[in-house]
Every structure is written in C-alpha cells, then in structure tokens.
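Topology and contacts: notes
The residues making up each chain are set out below.
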Amino acid sequence: MLTKRIIACLDVHAGRVVKGVQFVDLVDAGDPATQAARHAREGADEIVLLDITATHEGRRTLLDTVRRTARELFVPFCVGGGIRSARDAEQVFEAGADKVSINSAALADPALISAIGASFGAQAVVVAIDARRDPAAADPVRDAQVYVQGGRRSVGRTVVEWAREAEQRGAGEILLTSMDSDGTRAGFDCELTAAVSEAVGIPVIASGGAGTVAHFADVFGRGKADAALAASIFHFGVSSARDLKTELAQAGVPVRLPC
Amino acid sequence: MRVVVIDYKAGNLTSVLKTLRHLGAETVVTDGDLSLVESAERIVLPGVGHFAATERLDATGLTGAIRAAIARGVPFLGICVGMQWLYAGSSEAPEQPGLVHFSESCTRFAESTEKVPHVGWNSLEVRPSSRLLAGVEPGEFVYFTHSYKGPVTADTAAVAQYIEPFAAAVERGNVMGVQFHPEKSSETGLKILRNFLGWNR
C-alpha cells in the first residue's frame, strides 16, 4: 500500500541549519549533513533542504552543503531556495539532489518548470506555492491567493489555478504552504490543501501549521495530502519521525513502518 | 567490482553512482563507448523521464552491445525506465521498441480516482525465487516515482499494489529490473543493490 510521507525540512543559512520564527532570531541548529542523516535514520521518508541564504557567495556554500548532505543519504532529497534558472537546478542535481523546489522563479518564468523537467524528469521538479486565503472572496478557499516574498506580496492569481498550470507545465509535485497557518501550530489548512489536491493529479505536500500529531492525521485525511512537511517535529511532543509515524499508524494512517 | 552505468541523457546519474560507490563498487559511465560494455562486469541502466529517451541506446549501438553482454551472462540491472526498456516497449512511446527480453509491454496506470504518477514508499510482495530481492522481508518499503509499469508475469520478482497489481521487480537469470529506486530506498534498497553486486552464476 502506498504510504503517506513525512518529510523532514531543514532551513539552511550559510551552510548551517537554523531555527527561527519567520527567518528572524535565527538560532544555529547544527550541520545539515549530520541533521539530514539523523532524520533519515530516525524514520523520515524524505529530506528537504531549504536554503534561506540569498547572496551570491551563499550559492557556492549551498552546493557544498548539498554535496556533503547527499553523500550518505539514501532517501529522496529535495533542495529549494534561490534556484532561479535551469543552470542553478542542474548544479544542485549534480551536487546530489534528487528534486528541486522552485517558487518565485517559476512564477516569474513558468517555462522554467518544463525546462528543468525536460532534462531531469518531471519527478525532479517540485513547485512550491505560498498561499493565503482570500477573506474578501465569495469562496476564501477556492480563491486563495498565491504570495511571494515570505507572504508579503500577492501575485494576483489563485492557488488552484497556478497549481493546475504548474502540473500542465510538467511539475512532479506541489509543495503547498499555508501562510495563514504557518507558525501558528494550530493545524494545517486542510480545506485549502484538499482544494489543491483535488484540482491536480500530482502529489501535494502540505506545509504550515502543524502543532500536534493529530494535525498530521487530519491533513492526510480531510486535507487529502499525499505528504506533509515536518519543519521542526520536536515541537510536537515527539522525538523523531519514527515516533510521529508510530502514532499516525495507531490513528489508521498508512505510513512506512518499521523504518 | 566494476559497474558500467549507461548514460542515455535521461535524468541525473549522481544518486545511482554515489550509492554504488558507497557499496564499494567502481563505477564507469558511458554514453556510447561500446568497448566498456563489452568488458563490463556489471551493467546498470538507470533512467527517469520519458521512454522515448531510450532511442539513444539504439542510435549509439548500446542496445546491441548490452544484448551481447547479457547473452555472455553479465548481470544487468535496469532501474525505473531502465527496467521498462527490458520489455517489448511502452505505451508512453509506442514507436520506440524496447530490448524485448521480456515479451510483454509497459502501460500507464489505469484511470481511477488515485493520482498518477505513483509517488512514494510502497511495500513489496517478493517472490521467494528472487535472488535480487533475497533477504527483503514481507512488507519492506521502497521508493517509487512513475506513471508506467510492467505487468505481473512468471518473470515478476516482486509485486506492488497501486490501482492494480504491477511488476515492482522483474528477474530472469542475469537480467534484472526494478521499477522503484533502490538508491533512494534506504536500507532495503542498499540490500538489493548489494545482492546485485554480489550476484554470481
């Protein structure tokens, strides 16, 4: 039986894992390669490394980080942040990533999705969408809007429509972050996740708002998510992805166990 | 152990190469040097993306060289599209023939309420006669990402269920294929690749 994936996400700045709220008050949380290997060992189904360094020198550091992280990692490995071109993506793949996550660059140039897919396959292209409900709309969920710049600027198109276009252009998966839920620990936006998941035929990874194990069960059930991002699962009263999955299995969610 | 990895410009080889090296193999990549295939101790044909890309194997003469190596008994492993190529062809690119080592053809998952592609960790029902999957216990999981698949036949080494039962692995003598990605399938995948590297007549 196909299982629901728990994806460990590492925010990386200048070659180090960092923790912080909305990218401020960053606290050093270790070496990316070590942390990724630990998450894989402790049952994460996949690793996402999100580079929040925006500088040119940062790119070179990132490639080195990807190379070191990929070396001993034998689960799917996705890298996002700062990928602006097919050349950027190619360098990240050559360093050992299996997938790239692209966000604002895909919005600026949607042909980037097919350009990367043509060389590396659709399965290697994850389109990340930052979403906010539109409280003024008749249907705030169906009309949820795509945002960029950390949720500060609306690009003037709906999430469902952009997810469909991304799929048509050859995206392999959608990584959907609810900017309304992100950081609240009050649960994923299950209505929004379900709306996107039903609108496309490719997997949807839910992100933003997890605070308890029940929130994960909820987004896999009601939210129809295929995978969920656990940015900092240690905040949820579980010590590892394995513990999280053990509790999810007890709640009837199909997960990869033992792992 | 020297493994010749075939590059036919279908996706990224980094993960496969890294994993084979991790397991102690020496890897050589070729996109058309037939002498490397002729002297290979093991051949791995990876591949993600579109079945049409296998046209390059015909154009470079690699198809013939691989067929000859297989006939000499060299262990061969196809991964993902590399496995599908072992069949007669795929409905993804009907004009492009496969190796026809297995006479059936690959088809897309049937229309259903489930999503296609099939992406994620799924469990295996391993047939006890499989040497490639020796030691893989019932219910162990491997990582898949694909929209096309081979049928369940007498040559199927493991079955997986998604929408319908399909061939997760195929094996006849020295010719083996896996629809999943052993290089991304944690300890289970490493065990399978070790079996391949250790395969002998």
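None of the values given here were measured: they were computed from a predicted structure. (Residues numbered from 1 in each chain as written. Chains lettered and ligands numbered in written order. Predicted model: local features only at pLDDT ≥ 70, side-chain atom pairs only at ≥ 80, totals over all residues.)

Turning next to the packing of helix 6 (residues 159-168) of chain A against helix 7 (residues 190-199) of chain A. Residue and element names in this part refer to chain A. One way to put it is that helix 6 packs onto helix 7 with a least axis distance of 9 Å and a crossing angle of 35°. The handedness of the crossing between helix 6 and helix 7 comes out as right-handed. Facing helix 6, whose interface residues are V159, V160, A163 and R164, helix 7 presents A195, V196 and A199. In terms of residue class, the contact of helix 6 with helix 7 is built from 6 nonpolar, no polar and 1 charged. (Axes fitted to C-alpha atoms, helices over the stretch in contact; angles between N-to-C directions. Helix = DSSP H or I, 4+ residues; strand = E, 2+ residues; numbered from the N terminus. Left-handed = near helix turned anticlockwise from the far one by under 90°. Contact = placed C-beta atoms within 7 Å. Nonpolar A, V, L, I, M, F, W, Y, C, P; charged D, E, K, R; others polar.)

With 27 residues of chain B at the contact, the number on the chain A side is 23 residues. Looking at the side of chain B that touches chain A, the elements that each hand over two or more residues are helix 1 (14-22), strand 7 (118-123), strand 9 (141-146), strand 11 (156-162) and helix 6 (186-197) of chain B. Residue contributions to the side of chain B that touches chain A peak at 6 residues, all from strand 7 of chain B. In the side of chain B that touches chain A, the residues fall into 9 nonpolar, 14 polar and 4 charged.

Turning our eyes to something else, we now look at unusual backbone geometry. Between L257 of chain A and the following residue, P258 of chain A, the backbone shows a cis peptide bond with an omega angle of -5°. Tracing the backbone through its elements, the reader meets P258 of chain A in the segment after helix 9 (241-250). Cis geometry marks the peptide bond from V116 of chain B to P117 of chain B; its omega dihedral reads 15°. Here P117 of chain B shows up in the loop between strand 6 (105-108) and strand 7. For A14 of chain A, which is not glycine, the phi torsion reads 50° and is therefore positive. Positive phi values are uncommon outside glycine, yet R185 of chain A reaches one of about 55°.

In this model, chain B carries a mean pLDDT of 96, and residues with pLDDT of at least 70 account for 100%. Among the scores for the predicted complex, ipTM is 0.95 and pTM is 0.96. (pLDDT = per-residue confidence, 0-100.)

Residues and elements named next belong to chain A. Burial of strand 10 (residues 173-178) is extensive: 6 of the 6 residues sit out of reach of the surface. Every second residue of strand 10 is oriented toward a common face, with E173, L175 and T177 on one face and I174, L176 and S178 on the other, all of them buried. Note that strand 7 (residues 125-132) and strand 10 share 6 bridges and pair parallel. The residue bridging A128 from the neighbouring strand is L175, located in strand 10. (Buried ≥ 20, exposed ≤ 12 C-beta atoms within 10 Å, placed from the backbone. Pairing = 2+ DSSP bridges.)

Take the sheet that holds strand 10 (residues 148-149) of chain B next. Residue and element names in this part refer to chain B. Strand order in the open sheet formed by 3 strands is 5-6-10, with mixed pairing between adjacent strands. Either end of the sheet is taken by a strand with one partner, and the two such strands are strand 5 (89-90) and strand 10. Sheet analysis places strand 5 next to strand 6, joined by 2 bridges and oriented parallel. Bridge pairing in strand 6 places S90 opposite C106.

Let us now look at the packing of helix 3 (residues 86-94) of chain A against helix 5 (residues 111-120) of chain A. Residues and elements named next belong to chain A. In the contact formed by helix 3 and helix 5, the axes pass within 10 Å of each other and the chain directions differ by 35°. Here helix 3 runs over helix 5; the crossing is right-handed. Where helix 3 abuts helix 5, its residues A86, A89 and F93 lie against L112, A115, I116, S119 and F120. Of the residues that constitute the contact of helix 3 with helix 5, the class distribution is 7 nonpolar, 1 polar and no charged.

Bringing the sheet that holds strand 13 (residues 175-178) of chain B into the picture now. Each strand in a sheet pairs with its neighbour through backbone hydrogen bonds, running either in the same direction (parallel) or in the opposite one (antiparallel). Residue and element names in this part refer to chain B. Strand order in this open sheet of 8 strands is 2-1-3-4-13-12-11-8, and the pairing throughout is mixed. The outermost strands of the open sheet, each flanked by one partner alone, are strand 2 (26-30) and strand 8 (125-126). Where strand 1 (residues 2-6) meets strand 3 (residues 42-45), 3 bridges bridge the pair, whose relative direction is parallel. Residue V3 lies in a different strand from strand 3, and its bridge partner there is R42.

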